[in-house]
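# Commentary on secondary and tertiary structure
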Amino acid sequence: MAKALVSTDYNFPGQTGVYHGKVRDVYSIGDDTLVMIATDRISAFDVVLPEGIPYKGQVLNQIATYFLDATSDIVPNWKLATPDPMVSVGIRCEGFRVEMIIRGYLTGSAWREYKNGCRELCGVKLPEGMRENQAFPEPIITPTTKADAGHDENISKEEIIAQGIVSAEDYEKMEEYTRKLFARGQKMAAEKGLILVDTKYEFGKHDGKVYLIDEIHTPDSSRYFYAEGYEERFEKGLPQRQLSKEFVRQWLMDNGFMGQAGQKVPEMTPEIIKTISDRYIELYEHVTGQDFIKADESNLKDRIAVNVLDCLQQLSR
């Protein structure tokens, strides 16, 4: 089986800090530059699973690059360069402690809450009589607070502003960008025979300006349905064919794991790992319309080090 990158421990020239997230390792260089490495770690229910998924980091990084480039006319973003298939280098921004989640359809965690009687999500009123995977009259924004560890928490726009987490002016700008990015993402998905169902965006500030940061429209941050057969499956109440990480969550739930205390992650066999890897590659090819070219993973850590060092040297000139 191909190798997976599950940890990094670099010391780049000018390095001032490192943050190991659930999936990404982010190295600070000086005051203004970040090196973001998309590892092959995978998380679900806010838990990092014990096995890495080969090529997952490459998929995430290359999809994010594709969409950051395709949306730079809507909002400035942090990316400066992609020196390695698993790495992006960009501008260090002060991240807002909020994730902007936008939903076009009632599915996933929102459906689970709706099914249990919830009719208001993050301050947004939900219509009566909706069914699973039904489109909302218009997309809804359901933000969460961004946690360093543990679970992110749902929060309303009003609470975010009242608690001073984000100023009213900055929140309005983030909301505007969120709707425009989602519309662009849905249009690009439709051109590939897909439906962008829901996604999340993260924003930060640099020199007083709001920037789009992190990844966008990847299978870790988004859910896609296949457009073909959507209506028929919806009318019959059948599960939608989808390209997202939801199939990983579903596999975990089917095996008794939802990230709760005392629950054990089911065994991740080589077959399960390969299936997940194949699904990520499938999504890459569908959302970009490009063939996925597997990078040489025989010596991942050295390859990344060489490519990042070369990029930093070029940026410092």
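This text goes with the structure placed above it.
Residues numbered from 1 in each chain as written. Predicted model: local features only at pLDDT ≥ 70, side-chain atom pairs only at ≥ 80, totals over all residues. Heavy atoms only, no water.

## Comments concerning the sheet that holds strand β6 (residues 79–84)
Strands sit in the order β1-β2-β3-β7-β6 across an open sheet of 5 strands; the sheet is antiparallel. Only two strands of the sheet have a single partner each, and these edge strands are β1 (15–20) and β6. On average, each strand axis in the sheet is tilted by 20° relative to the strand beside it, whichever way the strands run. Taken together, the 6 bridges between strand β2 (residues 24–29) and strand β3 (residues 33–38) define a ladder with antiparallel strand orientation. Bridged to Tyr27 within β3 is Val35. Contacting β2, β3, β6 and β7 (87–91), helix α1 (residues 56–70) crosses the sheet at an angle of about 145° to β6. Packed onto the sheet, helix α8 (residues 300–316) meets β2, β3, β6 and β7 and runs at close to 140° relative to β6. (Pairing = 2+ DSSP bridges. Helix = DSSP H or I, 4+ residues; strand = E, 2+ residues; numbered from the N terminus. Axes fitted to C-alpha atoms, helices over the stretch in contact; angles between N-to-C directions. Contact = heavy atoms within 4.5 Å.)

## As for the pairing of β3
Along β3, 6 of the 6 residues are buried, which leaves the element largely enclosed by surrounding structure. Once β2 ends, the chain turns through 3 residues before running back antiparallel as β3, passing Gly30 with a positive phi of about 60°. For β3 and β7, the ladder comprises 5 bridges, and the chain directions are antiparallel. Among the inter-strand pairings, Leu34 is bridged to a residue of β7, identified as Gly90. (Buried < 20%, exposed > 50% of the residue type's maximum accessible area, 1.4 Å probe, protein only.)

## Considering unusual backbone geometry
Peptide bonds are mostly trans, and most non-glycine residues show a negative phi. In this structure, Phe45 takes a positive phi of about 55° despite not being glycine. Structurally, Phe45 is set in the loop between β4 (43–44) and β5 (47–48). The exposure class of Phe45 is buried, given its relative accessible area of 14%. With phi around 70°, Asn133 is a residue other than glycine that occupies positive phi space. Within the element layout of this structure, Asn133 appears in the loop between β10 (124–125) and β11 (134–141). Owing to a relative accessible area of 6%, Asn133 belongs among the buried residues under this scheme.

## Examining the packing of aromatic side chains
Scanning the entire structure with this criterion turns up 12 aromatic pairs. Plain terms: the ring middles of Tyr66 and Phe67 are 5.0 Å apart, the flat faces sit at 80° to each other, and that makes the pair edge-to-face. Note on Phe67: relative accessible area 2%, which makes it buried. When the ring of Tyr105 is compared with that of Phe225, the centres are 6.2 Å apart and the planes differ by 65°; the resulting orientation is edge-to-face. (Phe/Tyr/Trp six-rings, centres within 6.5 Å; stacked < 30°, edge-to-face > 60°.)

Note that every value here comes from positions in space, so none of it alone points to a role or purpose.
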